[in-house]
Amino acid sequence: MNVRFGVLGTLRVVEGERDLTPGPAKHRTLLAALSLRPGRTLTVDRLIAEVWGEEPPASAEPVLRVYVSALRKVVGGIRTVPGGYLLDVDPDEVDAHRFERLVSAGRRARDAGRTAEAADGLRAALALWRGPALADVDSAELRRAYALPLEELRLTALEERVELDVALGRGAEVTGELRALVASHPLRERAWAQLVLALGQAGRRSEALGAYREARRLLVGELGLEPGPELREAHERVLAGGASARALPNEPAGGAPARAVPNETPPDVADFTGREHALEWIRRSVPVAGTAPVHLVLHGPAGTGKSALAVHAAAGLDFPGGRLHASLGARTPGAVLEDLLRSLGCPEGAVPPGLAERTRLYRSMVSGRRLLVVLDDAADEAQVRPLLPAGPGCMTLVTSRSPLSGLEAARAFELGVFDADESVEMLARVAGERRVRAEPRAAARIATLCGGLPLALRIAGSRLARRPSWTLEHLAGRLEDERGRLDELSAGDLAVRGSLALGYRALSERERLLLRRLGALSAPHVAPWAATAVLGEPAGRLLEALAEAGLLRARGLDASGQERYDWHDLTRLYAAERLAAEEGPPARVLAAAAGEILDRARRARALLLPAEPGSGRTVARTAEQAADLDTARLRESARWLAAERGFLVATVADLQRAGLDEATWRLAFYLTPFLELGAHREDWHVVVRLGLRAARRTGHRHGEALLLRSLADLHRTEGRLEEAADLLRRALPLAEAHEVPRTRHRLGLVRLAQGRLPEAEACFVACLAAFSAAGDRRGRADALRALGGARQAEDLLHGSLAAYRELGDPRGEAAVSLDLAGLDLDRKRPSEARERAERGLGLARRLGDRLPEAAGLVLIARVALAEGRPDAARGAAEEALGTFREYADRRGVARALLTLAAALLDLDEVAEAVDAVSDAVGEFDALGDRHGLTEAEELAREVSRRRGLRV
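Before going into details, it helps to say that this report is about the structure given with it. (Residues numbered from 1 in each chain as written. Predicted model: local features only at pLDDT ≥ 70, side-chain atom pairs only at ≥ 80, totals over all residues. Heavy atoms only, no water.)

Considerations on the side chain of Thr359
Relative to the assigned elements, Thr359 resides in helix H14 (residues 355-366). Within the structure, the side chain of Thr359 is placed 2.8 Å from the backbone oxygen of Leu355, a separation counted as a polar contact. Apart from the residues lying within four places of it in its own chain, the contact partners of Thr359 are Leu337 and Pro386. (Helix = DSSP H or I, 4+ residues; strand = E, 2+ residues; numbered from the N terminus. Polar contact = N/O pair within 3.5 Å; in protein donor to acceptor, adjacent residues only side chain to side chain. Contact = heavy atoms within 4.5 Å.)

As for the packing of aromatic side chains
One pass over the full model with this rule turns up seven aromatic pairs. With a centroid separation of 5.2 Å and an interplanar angle of 40°, the aromatic rings of Trp281 and Phe413 are classed as tilted. On the criterion of sequence distance, the pair formed by Trp281 in helix H11 (residues 276-285) and Phe413 in strand S11 (residues 410-414) is long-range, its members being 132 residues apart. Between Trp529 and Phe647, the aromatic rings sit 5.6 Å apart at their centres with planes inclined by 80°, giving edge-to-face as the arrangement. Here the residue Trp529 occupies a position in helix H24 (residues 528-535), and Phe647 occupies one in helix H28 (residues 623-657), the gap between them amounting to 118 residues. Each member of the pair, Trp529 as well as Phe647, carries the same accessibility label: buried. Grouped by ring-pair contacts, the aromatic residues Trp529, Trp640 and Phe647 constitute a single cluster. It is Arg467 that lies over the ring of Trp470; its NZ or CZ is 4.8 Å from the centre. Of note, Arg605 hangs over the ring of Phe669, and the distance from its end group to the ring centre comes to 3.9 Å. (Phe/Tyr/Trp six-rings, centres within 6.5 Å; stacked < 30°, edge-to-face > 60°. Buried < 20%, exposed > 50% of the residue type's maximum accessible area, 1.4 Å probe, protein only. Lys NZ or Arg CZ within 6 Å of the ring centre and 35° of its normal.)

Remarks on the sheet that holds strand S3 (residues 18-19)
Here we have three strands laid out as an open sheet, ordered S1-S2-S3, and antiparallel in their pairing. Strand pairing shows two members of the sheet lacking a second neighbour, strand S1 (3-6) and S3, which therefore form its edges. As paired elements, S1 and strand S2 (residues 12-15) share four bridges and run antiparallel to each other. From the neighbouring strand, Val3 faces S2, where its bridge partner is Glu15. (Pairing = 2+ DSSP bridges.)

A closer look at helix H26 (residues 569-582)
Its 14 residues give H26 an end-to-end C-alpha distance of 20 Å, which sits within 8% of 20 Å, the value for a rise of 1.5 Å per residue. Within H26, the full set of buried residues consists of Leu570, Thr571, Arg572, Leu573, Tyr574, Ala575 and Leu579. Among the structural elements, helix H18 (440-449), helix H19 (454-466), helix H21 (485-488), helix H22 (496-505), helix H23 (509-518) and helix H27 (587-608) are those in contact with the buried residues of H26. Among the residues trailing H26, Gly584 stands out with phi positive, at a value near 100°. (Expected span 1.5 Å × (residues − 1).)

What about the sheet that holds strand S5 (residues 78-81)?
Overall, antiparallel pairing links the three strands, which are arranged S4-S6-S5 in an open sheet. The outermost strands of the open sheet, each flanked by one partner alone, are strand S4 (42-43) and S5. Note: S4 against strand S6 (residues 84-87), two bridges, orientation antiparallel. Across the sheet, residue Leu42 finds its bridge partner in S6, namely Tyr85.

Some points on the nonpolar core
Ranked by size, the top nonpolar core spans 113 residues in total, and within it Ile446, Val496, Leu514 and Leu518 carry the most contacts. Setting aside anything within four residues of it in sequence, one finds Val496 in contact with Leu453, Leu455, Ala456, Ile459, Leu486, Leu489 and Leu570. Formed by 77 residues, the second largest nonpolar core is a distinct cluster that contains Leu30, Ala32, Ile48 and Trp129. (Core = buried A, V, L, I, M, F, W, Y, C linked by side-chain atoms within 4.5 Å.)

A word on the packing of H11 against helix H12 (residues 306-315)
Two elements in contact, H11 and H12, have axes whose closest approach is 11 Å; the angle formed by their N-to-C orientations is 50°. The angle between H11 and H12 falls in the class oblique. With respect to the hand of their crossing, H11 and H12 are arranged in right-handed fashion. When H11 is examined against H12, the residues Ala278, Leu279 and Ile282 are found in contact with a partner set consisting of Leu309, His312 and Ala313. Here the contact of H11 with H12 is built from residues that sort into five nonpolar, one polar and no charged. (Axes fitted to C-alpha atoms, helices over the stretch in contact; angles between N-to-C directions. Parallel < 35°, antiparallel > 145°, perpendicular 65-115°, else oblique. Left-handed = near helix turned anticlockwise from the far one by under 90°. Nonpolar A, V, L, I, M, F, W, Y, C, P; charged D, E, K, R; others polar.)

Written out as structure tokens, the structure is:
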């Protein structure tokens, strides 16, 4: 039985006859927030704002999780998704969405001439209401964003339904309803007009005329305005005795002089490209005659084509009352109103002097018109509010760099950059189809270098159009140089730099300072902590302001719960220009920020590698403490590093370019364990090589040794074992004394992978002695594990397990648990193997470590094979194989394929087993893994034998 949600009144949640409505006020607010947007992800920040308002408690996020957990016990469908939560239910199960659907259906029936059906449909929609929307939900955010628009739609739908009833001759039946409506909303002229007509239709002429006089008295007394045309027309029809018929909405009363119809929108853009989703959104939003006005905001960064879209959309819309257009910029609302009033026919000298009087006159003059108003380049909500037409059926298109979130009853659409295909299409429309088709690769490069920004593409196309001798390859080459790219993107009065400069000059002094200092960074996105580091003071509010101004873009919450911001590459280049011009080279900004960046990266590394020399973490913990405390912190550290990977990798390059060599090699070194854990090999290559160059340039021998060792680790994971051994041999004489055994330990791992067991054992034995003598507990745990694995010695592995637990390192505990599970399998102890494999797999999953999780799944599959459960083995092996392939881990792929082949063989799926084992042989051979190759070849022989028997 479906659960139904009600917000049109007090909050109600019912399943059949069962009332599931939560009692606590905050629970009700949270559930209302989710049910108003079924199927949509709501970020944690958004929910906190809607549940607690502007001043949430410091504990809001964990408390929100508690509320979600409590609600899940009574309401199904609440899902956790990246960055927040959503309610996974059919929108029709929520009465507000059902109401909107029924209203739309009723309006379609009315427009098709099915009057009785339309009236019944609107009546069914209105019957869903049980009282004021969200009556018992205490949230100013939800009331402003949802309750007020729903109440407005309710009143409009009621007026539309009454109008249909009057047209059907049911005036006498609706007079009581209309009396209640005008009593509660005495300034709604449409309701008064309907009451006058309904009373006249019911034969109560004197009451109808009395209702008109009462309405006029209220309007003149409260607003200083005479009744509008709709109310005057109703009065005249009653006087004439013709209240049974109804004029079309906005139809002028008989004999009234026709008004001039303004048409001020600029000419359509001939080569307009793309934006079909935005155009369709605008078309769907057009109000029908007689319905509430619609206000739309098109927002996005400079150069995204907001104005062109508004003009193009306006050209295709039918508004019989006319089209007004105003470029706002830095103009005051009063100055804009003066122009709009003159466009509407207000005589010269008759424009009132004050803003309030101009606003009243404007709204009076647009009343009764079905008008489109285009307001271009709005700075903020206050500039726009007085310019919004309030008449039924009117529409406003506002363009702004800000979403104008505080603009009541407005809906917003964010314009981003073009994708690759749209970019090339626009370039072709401006520069010429044949030229672009002749050089598709160069066209794609130009599109990429313009970052998909419509303004930049238009300028690039215009330059090509004016220079027929230029090839696209030539222009692409000119754009390649970042230092001159903004100079190249200028044509006539069009310039990307000029467009960005307008936004920059409109910022406050502190906002400009932050924007240009962010120009010292090449990272594609940034979190508030990093912005604070480059600014030297808290930057969260300033980032929000830059996003509101359209110079940054809020991307939402990342995996670690931080808000992230990104920007267009051309905006970054402009910010870097301003930094160089106003403060000098970026090295000073980066040097000031480096301490905070390095400290955060070092602390994250310390959590990944507990008790590593220099980590500062030496407090012993029990196994239970490790599981309960350190697992959570390790997971948080890995999530933070995952979220910051792009930023930190780019910052290594920024520091290196700025000549900050010490910071460069240290940051590169701090990042390598995380890059290894996530198999981010391309980034690993980049940072290690940059770090090595910096360490060598500054003459830091130990830094060079650390990075040579990291590069060797990378080569070992890639199967380039002899190269890894060579790097480690070169690192040994450079390393400081306490790092020599750690480097020799890595050499032992390489020898073990090469199958040179005696050499590997010798390395591990020497390392174990050195670590023990130096009191290096982390090194000792690693050496015990390596030596235990080489000798297949259970006692050594148990010693390593105890050491990792003492360090509070669940990641090390997970790895050794899997090692022991493999040993149990080799010794025919499947039940013990299963217990240990499940323990290791569980820890890996709690830590969020995908590759160790996949290794655990391979062991689970091998246990299932040993227990005679090939179906379970196949499922686990296939899941592991998918992860290994996702991370391009060839050794893991080989192991998973080998286990999968064995499972397929047990299932008698011999043909599939042949494919899997053949692929495994190829992988082991490419890796130079002799031991794995031997295993795979043995299984291949068994598969061949089984296939021969079947033949």
